[in-house]
Amino acid sequence: MSSTETVKKPHVEPSLIAQSPFELRVDLGRDVSETDVRTGLATGDVGFLHSYTTGSTVDGPGVRVVAWTTCCHWRCQYCHNPDTWTLSNGIPVTITRATEELQKYRNGLKIMGGGLTLSGGEPLMQDRFAVKLLAGAHAMGIHTALDTNGSLGARLSDEELKHIDLVLLDIKGWDPDRHRKLTGNDIAPVLEFARRLAKLNKAMWVRFVLVPGLTDNADDIAQIAKFAASLGSVVERVQVLPFHQMGRYKWKSLKLDYKLNDFQPPSIETVRNVCAQFSALGLRTE
Ligand code: SF4
């Protein structure tokens, strides 16, 4: 080989389907120009996805396809998918491709009483793409759920919220200082969005990640339970999600400062006790 020849790396098209969201994915959209990113975000004609995964039984009713979007403006200390924080880590996909991919699962999802769940990252960082994908799913008769930290709910009009059958609303804490320390952000917009959803009679599952020593303040949990109960029967259930360490390797690979190395998952008994706090106020838990 002469010195003027260059070695070409084989171009491998990343698969949109992943075995699980715990696959580390970086830089898959790095070649998209800034102008194209801006246009994509403004129109929703192009979005950035970490992946689609299939077979979820926890992200809404039935068996579901989950579309994992990239980009999040929060920095939760327990985040298990920090590779989804950065938009350009995702695969750039046209809305047509994203919808066609979903189309493949349409019949199966209906038979299994499932649907599409849009998760992330924070899906509403790509709110135009989210609306188009959810509307596309609805047009196919597919049940839709949005898993969100709730802080950007104001980006969706009441009309657009009609494309969402269920909101999986993460309430990560209560005390404003502790919430800010945990996520880097305020809780007020989350609660405001929850109240708005309740007014619109939108079905919700409230999600709470239980980390012993970090999110298990008894008063905070009592206040979250009281708040969830005050929203009424639109809160169909509360999911108490036990902290785990499956995302730790991503923090390490991305050279991020992970503060929870020494934290342990809660015991079954601890999870049961927290569930009981919610159940005591008439909320269904799991
Ligand atoms: S809101 Fe979700 S994706 Fe964003 S940092 Fe928190 S846990 Fe991670």
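Predicted model only: the values in this text are computed from it and were never measured. (Residues numbered from 1 in each chain as written. Predicted model: local features only at pLDDT ≥ 70, side-chain atom pairs only at ≥ 80, totals over all residues. Heavy atoms only, no water.)

**Let's talk about the side chain of Gln239**
Relative to the assigned elements, Gln239 resides in strand 8 (residues 235-242). Accessibility expressed as a relative area gives 2% for Gln239, which makes it buried. A distance of 3.0 Å separates a polar atom in the side chain of Gln239 from the backbone oxygen of Val58. Apart from the residues within four sequence positions on either side, Gln239 is in contact with Val58, Trp205, Val206, Arg207, Phe208 and Glu286. (Helix = DSSP H or I, 4+ residues; strand = E, 2+ residues; numbered from the N terminus. Buried < 20%, exposed > 50% of the residue type's maximum accessible area, 1.4 Å probe, protein only. Polar contact = N/O pair within 3.5 Å; in protein donor to acceptor, adjacent residues only side chain to side chain. Contact = heavy atoms within 4.5 Å.)

**Re the packing of helix 2 (residues 95-103) against helix 4 (residues 127-139)**
Contact pair helix 2 / helix 4: the axes reach a minimum separation of 10 Å and the direction vectors enclose 35°. Helix 4 is crossed by helix 2, and the crossing has right-handed handedness. Across from Ile95, Ala98, Thr99 and Leu102 in helix 2, the residues of helix 4 making contact are Phe129, Lys132, Leu133, Gly136 and Ala137. Here the residues of the contact of helix 2 with helix 4 sort into 6 nonpolar, 2 polar and 1 charged. (Axes fitted to C-alpha atoms, helices over the stretch in contact; angles between N-to-C directions. Left-handed = near helix turned anticlockwise from the far one by under 90°. Nonpolar A, V, L, I, M, F, W, Y, C, P; charged D, E, K, R; others polar.)

**So, the environment of Ser119**
One can find Ser119 in strand 4 (residues 115-119). For Ser119 and Leu146, which are 27 residues apart along the polypeptide, the C-alpha to C-alpha distance reads 6.4 Å.

**What to know about the pairing of strand 2 (residues 64-69)**
Most of strand 2 sits out of view: 6 of its 6 residues are buried. By the bridge criterion, 5 bridges tie strand 1 (residues 46-56) to strand 2 in an arrangement that is antiparallel. Counterpart to Leu49 in the pairing with strand 2 is Thr69. (Pairing = 2+ DSSP bridges.)

**Side note on the site of the ligand**
Neighbouring residues of the ligand: Cys72, Trp74, Arg75, Cys76, Cys79, Trp85, Gly121, Asn149 and Lys172. Here the residues of the shell around the ligand sort into 5 nonpolar, 2 polar and 2 charged. (Near = heavy atom within 4 Å.)

**Here we look at the packing of aromatic side chains**
Aromatic rings considered in pairs are described by the distance between their centres and by the relative angle of their planes. Per the stated rule, a full pass over the model turns up 4 aromatic pairs. For the ring pair Trp85 and Trp251, a centre distance of 5.3 Å and an interplane angle of 85° mean the geometry is edge-to-face. In this pair, Trp85 sits in the loop between strand 2 and strand 3 (91-94) while Trp251 sits in helix 9 (residues 248-253), placing the two residues 166 residues apart along the sequence. Accessibility expressed as a relative area gives 10% for Trp85, which makes it buried. Owing to a relative accessible area of 5%, Trp251 belongs among the buried residues under this scheme. Ring geometry for Trp251 versus Tyr258: centroids 5.1 Å apart, planes at 45°, classification tilted. We note that Trp251, like Tyr258, is buried. It is Arg237 that lies over the ring of Trp205; its NZ or CZ is 3.9 Å from the centre. (Phe/Tyr/Trp six-rings, centres within 6.5 Å; stacked < 30°, edge-to-face > 60°. Lys NZ or Arg CZ within 6 Å of the ring centre and 35° of its normal.)

**Thoughts on helix 6 (residues 176-183)**
The complete set of buried residues in helix 6 reads His179, Leu182 and Thr183. Each buried residue of helix 6 lies within a common arc of 75° when the element is viewed along its axis, so the set occupies one face. Turned more than 90 degrees away from the buried face of helix 6 sit Asp177 and Lys181, all of them exposed. At the N-terminal boundary of helix 6, the capping side chain belongs to Asp175, with an oxygen 3.1 Å from the backbone nitrogen of Asp177. (Arc of directions from axis to C-beta.)

**As for the environment of Ser151**
Note on placement: Ser151 falls in the loop between strand 5 (143-148) and helix 5 (158-161). Residues Ser151 and Met125 lie 26 residues apart in sequence; the distance between their C-alpha atoms is 9.9 Å. Setting aside anything within four residues of it in sequence, one finds Ser151 in contact with His73, Trp74, Pro189 and Val190. A polar contact of 3.1 Å, which involves the side chain of Ser151, links it to the side chain of His73. A distance of 2.8 Å separates the side chain of Ser151 from the side chain of Asn149, its partner in a polar contact.

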